[in-house]
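Results of the structural survey
The residues making up each chain are set out below.
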Amino acid sequence: MQMMQSISVVVPTYKERDNLPELINRIQKVREDHHLNLELIIVDDNSKDGSEEYVQSLGLPWCRILVRRDEKGLSSAVLKGFTEAQGDIFVVMDADLSHPPEKIPELIEQIQTGADMVMGSRYVPGGKTDEEWGIFRWLNSKIATLLARPLTSVKDPMSGFFALPRRIYEKSAPLNPTGYKIALELLVKCPVEKVVEIPIYFSQRAKGKSKLSIKEQFKYLVHLRRLYSFKYENLTYFLHFSIIGFSGTIVNLLALTILVFFGIPVRLSVAISIIIAMLSNFVLNRRFTFPHAVESHWFPQLIGFMSACSIGAVINYITVLILLYIFPLLENIPQIPALVGILAGLIFNFILSKNFVFRKK
Ligand SMILES: Nc1nc2c(ncn2[C@@H]2O[C@H](COP(=O)(O)OP(=O)(O)O)[C@@H](O)[C@H]2O)c(=O)[nH]1
Ligand SMILES: [Mg+2]
């Protein structure tokens, strides 16, 4: 085991003055008992409850408080702490004593023996939570965890008690500090391969009250969407593209119905409604599937999109012809080759749209 790697414990706080004495005492004891080279960085969002004065009055060389007066938010506070941290290993925990500081050495040891991230977990054998949750809060937490499942196989990705080596953090993709779930953000955006979960006894908050609001829970959904788009970038684009493609069918039929209703000849109506559907797909894809596209001029994009769609239609048709040639029996159920053709055209349109028509600069 490598000895004496330095550790930075980052604790975000908002109005936690009453919890600070016990928190700092217990961390101090761990620090001394295990001879750790450990600094404690408290990142407070201008609580104005005496936290700042209290920490300063202690005059501990290894413990400081940063007070942010221009910004708020749990995740961004943690990231602020990381930028100020000197350590080789970062540990993040809450101030309310839900997370036992006595577990810090175990977290560190896992990092030193090769883990890329260590989570203090309520949901692995041996883990336990004190919180008396009503059915609503329990369900809420279960659903939140379930929704994060495709992003990580970690049992308790919502935990705010974790350790991460600087070497991994520094290789992270750009981090988005909105939201409450900073560990989840790091799990998805950092090149984390080996995650170890350590059971913790998650106790009731010692003093004060929770800052987790309904608004934060909503923001979690936005956060999830962003993480999915990051992790499954192409799939997300393709899903948007397909949904819009499907909406185009509806636009097409609707336009056709209206035009015919107003007495426009059928053949002309069909042609016009195809163009209307293509335009609608263009506008929607430009706005929703590839939002970065608005940075470039729309006209060349429109021409590119129309061309891609036209070639896509030809590919659709050729696919059907090939299928019918290979499997003549399909003549009896032309819907099947037609579906395959639509899919081939869709994929072709998508690839062209993503890589050429609306490509990122
Ligand atoms: N700096 C900072 N810390 C925050 C903010 N919101 C919550 N915290 C801290 O984040 C930790 C977890 O918050 P808590 O309210 O206990 O959330 P809960 O455990 O999910 O109920 C605590 O140490 C809070 O003081 C914030 O906006 N800024
Ligand atoms: Mg708490």
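Anyway, here's the lowdown on the structure attached to this text. (Residues numbered from 1 in each chain as written. Chains lettered and ligands numbered in written order. Predicted model: local features only at pLDDT ≥ 70, side-chain atom pairs only at ≥ 80, totals over all residues. Heavy atoms only, no water.)

**Concerning the site of ligand 1**
- Taken together, the neighbourhood of ligand 1 is formed by 17 residues, with E16, D45, R205, S210 and K211 sitting nearest.
- In this structure, an oxygen atom belonging to ligand 1 sits 3.2 Å away from a main-chain N or O atom of G73.
- Take S210: an N or O atom from its side chain is 2.5 Å from an oxygen atom of ligand 1.
- Protein chains shield 90% of the accessible area of ligand 1, which is 570 Å² for the free molecule.
- At the level of secondary structure, the elements contributing two or more residues to the shell around ligand 1 comprise strand 1 (7-13) and helix 3 (74-84).
- Grouping the constituent residues of the shell around ligand 1 by class yields 8 nonpolar, 3 polar and 6 charged. (Near = heavy atom within 4 Å. Polar contact = N/O pair within 3.5 Å; in protein donor to acceptor, adjacent residues only side chain to side chain. Areas by Shrake-Rupley, 256 points an atom, 1.4 Å probe, with all protein chains shown as cover. Helix = DSSP H or I, 4+ residues; strand = E, 2+ residues; numbered from the N terminus. Nonpolar A, V, L, I, M, F, W, Y, C, P; charged D, E, K, R; others polar.)

**Topic: the pairing of strand 5 (residues 117-121)**
- For strand 5, the buried fraction is high: 5 of the 5 residues fall into the buried class.
- Taking every second residue as pointing to the same face, both faces of strand 5 are buried, with M117, M119 and S121 on one and V118 and G120 on the other.
- Of the strand pairs in this sheet, strand 5 and strand 8 (residues 195-199) are connected by 5 bridges, and their pairing is parallel. For V118, the partnering residue across the bridge sits in strand 8 and is V196.
- Bridge count between strand 5 and strand 7 (residues 162-165): 2 bridges; the pairing is antiparallel. By the bridge assignment for strand 7, M119 is matched with F162. (Buried < 20%, exposed > 50% of the residue type's maximum accessible area, 1.4 Å probe, protein only. Pairing = 2+ DSSP bridges.)

**Some details on the pattern of salt bridges**
- Summed over the entire model, instances satisfying the criterion amount to 18 salt bridges.
- Put simply, R69 and E52 hold a salt bridge, and the shortest N to O gap is 3.1 Å. Taken together, the residues R69 in the loop between strand 3 (63-67) and helix 3 and E52 in helix 2 (residues 51-58) connect sequence positions 17 residues apart.
- Linking R122 and D156 is a salt bridge whose minimum nitrogen-to-oxygen distance equals 2.9 Å. Pair noted here: R122 is in the loop between strand 5 and strand 6 (128-129) and D156 is in the loop between helix 5 (135-147) and strand 7, with a separation of 34 residues, a long-range link. Take R122 and D156: they sit in the same class, and that class is buried. (Salt bridge = Lys/Arg side-chain N within 4 Å of Asp/Glu carboxyl O.)

**A look at a nonpolar patch on the surface**
- Taken together, the side chains of I135, F136, W138, L139, I143, L147, I214, F218 and L221 present a nonpolar region at the surface, about 970 Å² in accessible area.
- For the nonpolar patch, the secondary structure elements donating two or more residues are helix 5 and helix 8 (214-231).
- Ranked by the residues each element gives to the nonpolar patch, the list is headed by helix 5, at 6 residues.
- By relative accessible area, F218 is classed as exposed at 56%. (Patch = residues over 30% accessible without salt bridge, like charges linked within 9 Å, V, L, I, M, F, W, Y side chains within 5 Å.)

**Observations concerning the environment of P300**
- Counting through the fold element by element, P300 comes out in helix 11 (residues 298-326).
- The spatial distance from the C-alpha of P300 to the C-alpha of L151 is 37 Å, given a sequence separation of 149 residues.

**Side note on helix 2**
- Among the residues of helix 2, those classed as buried are S51, Y54 and V55. All buried residues of helix 2 lie within an arc of 90° about the axis, which places them on one face of the element. What points out from helix 2, more than 90 degrees from its buried face, is the exposed set E53, Q56 and S57.
- Next to the buried residues of helix 2 lie helix 1 (20-33), strand 2 (38-44) and strand 3.
- In the stretch just after helix 2, G59 is the one whose phi turns positive, near 60°. (Arc of directions from axis to C-beta. Contact = heavy atoms within 4.5 Å.)

**Some words on the packing of helix 8 against helix 9 (residues 233-261)**
- Between helix 8 and helix 9, whose axes approach to 4 Å, the crossing angle comes to 110°. One element, helix 8, and the other, helix 9, form an angle in the roughly perpendicular class. Facing R225, Y228, S229, F230 and K231 of helix 8, the residues of helix 9 in contact are E233, T236 and H240. (Axes fitted to C-alpha atoms, helices over the stretch in contact; angles between N-to-C directions. Parallel < 35°, antiparallel > 145°, perpendicular 65-115°, else oblique.)

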